[in-house]
Amino acid sequence: MLAAAAAAGGGLTAFVYGAHDGRVTALLLLLCGTPVIALSHAFARRQERIRSLARKFTLGIALAIGLVLVAVGVVAALMFVSPHDAFLMAILLAFAGFLAAYSASLLARGLIEDIRAVRDGVVAVGHGRRIADIVTGSSDEVGDLAEAANRMTEQLSVREGERDAAEDARRGVVAAVSHDLRTPLTSLRLLAAAIEDDVVDAGTRQRYVGQMSVHIRSLSALIDDLFELSRLQAGDIQWSMQQVRLDELIEDTVEAMRPHADAKMVMVAAQVPGGVAPAHANPEKLQRVLFNLIQNAIRHTPPDGSVTVAAESKGSVVEVEVADTGEGLPPEERERAFEPFYRGGDAQARTAGGSGLGLTICRAIVEAHGGMIWFVESRAGTRVRFCVPVAR
Ligand SMILES: Nc1ncnc2c1ncn2[C@@H]1O[C@H](COP(=O)(O)OP(=O)(O)OP(=O)(O)O)[C@@H](O)[C@H]1O
Ligand SMILES: [Mg+2]
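Here the structure is a predicted model, which is why all the values come from computation and not from measurement. (Residues numbered from 1 in each chain as written. Chains lettered and ligands numbered in written order. Predicted model: local features only at pLDDT ≥ 70, side-chain atom pairs only at ≥ 80, totals over all residues. Heavy atoms only, no water.)

Turning our attention to the domain arrangement of the protein chain. When cut into domains, the protein chain gives domain 1 (2–126), domain 2 (165–233) and domain 3 (242–389). Inter-centroid distance (C-alpha atoms) of domain 1 to domain 3 is 82 Å. (Domains from an automatic or database assignment.)

This is the structure:
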C-alpha cells in the first residue's frame, strides 16, 4: 500500500514537472513513509501494553506529525529552499499538527467518556442493578453498543421478573398443598386417636368413622388432581383424540350431575342443538372439563337457581358455555380463578369448597386440545366458555 501511494504521488509529480521530479518524489515518499508504517505496526503489535485509549490516539498523531516534519526537512535540504521559508513551513506544520492533535483529543475524550459510561453501566448490572440505563453522547458504534447493552439488560430483567413470578407461584402451590394435606391429616389423626383410646361411645365412633372417610375421600381427590395437573403441565398427554358428539356428551354429563343439583335444589339443563358440529377431542377429558364447570356452577348457585349448558359451532371451533344464576365472580377475580389453589370468597367458603384446582385442570385440558377457556361478561351469575376444534 505504501509503494502504491508513493508511486501515485510520484506519477502525479511526473505528470506536472517531468519524469526526474516524479522519481525523486516517489523515492522521498517511500523513504519517509517506511519508518512511520514500520513504527505503526510495531505499536499496533504492542498495543495491549498501551493501556489507555487516549495514549494510543496521541501516539498516532505524534507519528503523523513527525513524518510531516521530517518530510519538510528533507524537502528543504533537497530543493535549496531558503532556511527562512523552511523554518516558517515547519512552524506552520507544527501548528497544524497541534490543531489536529487538539481536535483528535476532543473526539477521543467523547469516545472515552462513552466507553466509560458503557463500562460503568455493565459493572452496575453485575452488582445487581436491573437496568443498565447507559446514556452516551453519540450515535456511533459505541452508541450502538450502549443501546444493545440497554436492550439486553431490559430483556434480562423481564426474564428475571418472569422467573421470580414463577418461583413465587411455585412456593404458593407448595404452601397450599401442605396446608390442604395437613388439615385433613390432623383431623384424621385426632379422630383415630379418639377411637383408639376408646373414649367415645358407639354412636360417636360411628360418626367419627364417617368423618374419617370424608377426609380420606377429599385427600385422594386432591392427590388425584395434583397428579393429573403435574402430568398436564409436564406435557405428558397420551390421549386418543376422536370425533365427539357434543350433544350426547353434554346430555350424559348433565344427567350424571342431576342428583347433585337436585340435592341443592338447583335446576340443571342442556341446551344443545342436534346439528352442532362434532369436536376433535378426547371424550373422557372433555367430560372432566364439563364436570368441573357444572360442579362449580351448582356449588355457587343458591336453591331455586339454574345452571344451563349450551354449545354452538363457530367456524373451525365449537364453543361450550356453562352459565349459572348464582353469586357471580367479580371481574378482577376471573383470571386468578384459573390459578392453582385459587379459591375466592372468605375463609369459611374456602374450606367448604374444593381444593381450587378444578379450573386450572380445565384450562390445561382445553389448551392441550388447542382450545381456550375464559369467563364471559355477564350481568347476573357466572358464564364460563371454552372452545375446542371441530373434527374434520
Ligand atoms: N360458577 C362460579 N361462580 C362463582 N365463582 C366461581 C364459579 N366457578 C369458579 N368460581 C370461583 O373460582 C374459584 C376456583 O374454582 P376451581 O374450580 O378452580 O376451584 P374449586 O371449585 O374451589 O375447587 P375444586 O374445583 O378443586 O374442587 C372457586 O373457588 C370460586 O371462588
Ligand atoms: Mg371447581
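Attention now moves to the sheet that holds strand β4 (residues 306–314). In spatial order, the strands read β2-β4-β5-β7-β6; together these five strands make up an open sheet with mixed pairing. Edge positions in the sheet fall to β2 (267–271) and β6 (372–376), since each of these pairs with one other strand and no more. For this sheet, the mean angle separating the axes of adjacent strands, direction not counted, is 15 degrees. Note: β4 against strand β5 (residues 317–324), eight bridges, orientation antiparallel. Bridging across to β5, lysine 314 finds its partner in valine 317. On top of the sheet, helix α8 (residues 283–299) reaches β2, β4, β5, β6 and β7 (383–389); it is set at about 175 degrees to β7, its chief contact. Where helix α11 (residues 358–368) meets the sheet, its contacts fall on β6 and β7, and the angle it forms with β6 comes to roughly 130 degrees. (Pairing = 2+ DSSP bridges. Helix = DSSP H or I, 4+ residues; strand = E, 2+ residues; numbered from the N terminus. Axes fitted to C-alpha atoms, helices over the stretch in contact; angles between N-to-C directions. Contact = heavy atoms within 4.5 Å.)

Formed by 50 residues in total, the largest nonpolar core has its most connected members in Leu246, Ile250, Leu293, Ile294 and Phe386. Tallying contributions element by element places α8 first for this core, with seven residues. In terms of domain composition, this core takes at least three residues from each of domain 2 (165–233) and domain 3 (242–389). Excluding anything up to four places from it in sequence, isoleucine 294 contacts Thr253, Val254, Met257, Val268, Val307, Val309 and Val322. (Core = buried A, V, L, I, M, F, W, Y, C linked by side-chain atoms within 4.5 Å. Buried < 20%, exposed > 50% of the residue type's maximum accessible area, 1.4 Å probe, protein only.)

Moving on, we get to the side chain of threonine 253. Structurally, threonine 253 can be placed in helix α7 (residues 246–263). A polar contact is formed between the side chain of threonine 253 and the backbone oxygen of leucine 249, at a distance of 2.6 Å. Leaving out residues up to four positions away in the same chain, threonine 253 has contacts with Gln287, Leu290, Phe291 and Ile294. (Polar contact = N/O pair within 3.5 Å; in protein donor to acceptor, adjacent residues only side chain to side chain.)

What follows is about the environment of arginine 334. Mapped onto the fold, arginine 334 is located in helix α9 (residues 331–334). Judged by its relative accessible area of 15%, arginine 334 is buried. Along the backbone, arginine 334 and tryptophan 374 are 40 residues apart, and their C-alpha atoms lie at a distance of 8.1 Å. Other than its neighbours up to four places away in sequence, arginine 334 contacts Leu329, Phe375, Val376 and Glu377. At 3.1 Å, the side chain of arginine 334 and the side chain of glutamate 377 are in polar contact.

Moving on to a nonpolar patch on the surface. Together, Phe95, Phe98, Leu99, Tyr102 and Leu106 line one region of the surface with nonpolar side chains, adding up to about 540 Å² of accessible area. In this fold, phenylalanine 95 is placed in helix α4 (residues 83–126). Since its relative accessible area comes to 48%, phenylalanine 95 is described here as partly exposed. (Patch = residues over 30% accessible without salt bridge, like charges linked within 9 Å, V, L, I, M, F, W, Y side chains within 5 Å. Areas by Shrake-Rupley, 256 points an atom, 1.4 Å probe, with all protein chains shown as cover. Salt bridge = Lys/Arg side-chain N within 4 Å of Asp/Glu carboxyl O.)

The next subject is the pattern of salt bridges. One pass over the structure, following the stated rule, counts 24 salt bridges. Put simply, aspartate 120 and arginine 119 hold a salt bridge, and the shortest N to O gap is 3.3 Å. For arginine 119, a relative accessible area of 47% corresponds to the partly exposed category.

It is worth spelling out the site of ligand 1 at this point. Taken together, 18 residues lie near ligand 1, and Asn296, Arg299, Asp324, Gly356 and Leu359 sit nearest. Between glycine 356 and ligand 1, the recorded distance is 2.8 Å, taken from a backbone N or O atom to an oxygen atom. A distance of 3.1 Å separates an oxygen atom of ligand 1 from a polar atom in the backbone of glycine 358. If ligand 1 stood free it would expose 590 Å²; the protein chains cover 94% of that surface. Among the secondary structure elements, those contributing two or more residues to the shell around ligand 1 are α8 and α11. It is α8 that contributes the most residues to the shell around ligand 1, three residues altogether. For the shell around ligand 1, the per-class residue count stands at six nonpolar, nine polar and three charged. (Near = heavy atom within 4 Å. Nonpolar A, V, L, I, M, F, W, Y, C, P; charged D, E, K, R; others polar.)

This paragraph deals with helix α2 (residues 19–45). With 27 residues, α2 extends 38 Å between its outermost C-alpha atoms, agreeing within 8% with the 39 Å of an ideal straight helix rising 1.5 Å per residue. Roughly 30 degrees is the biggest bend found in α2, and it falls at glycine 33, with proline proline 35 one to four residues downstream. Buried residues of α2: Gly22, Ala26, Leu28, Cys32, Gly33 and Val36, and no others. (Expected span 1.5 Å × (residues − 1). Bend = angle between axes of the 7 residues up to and from the residue.)

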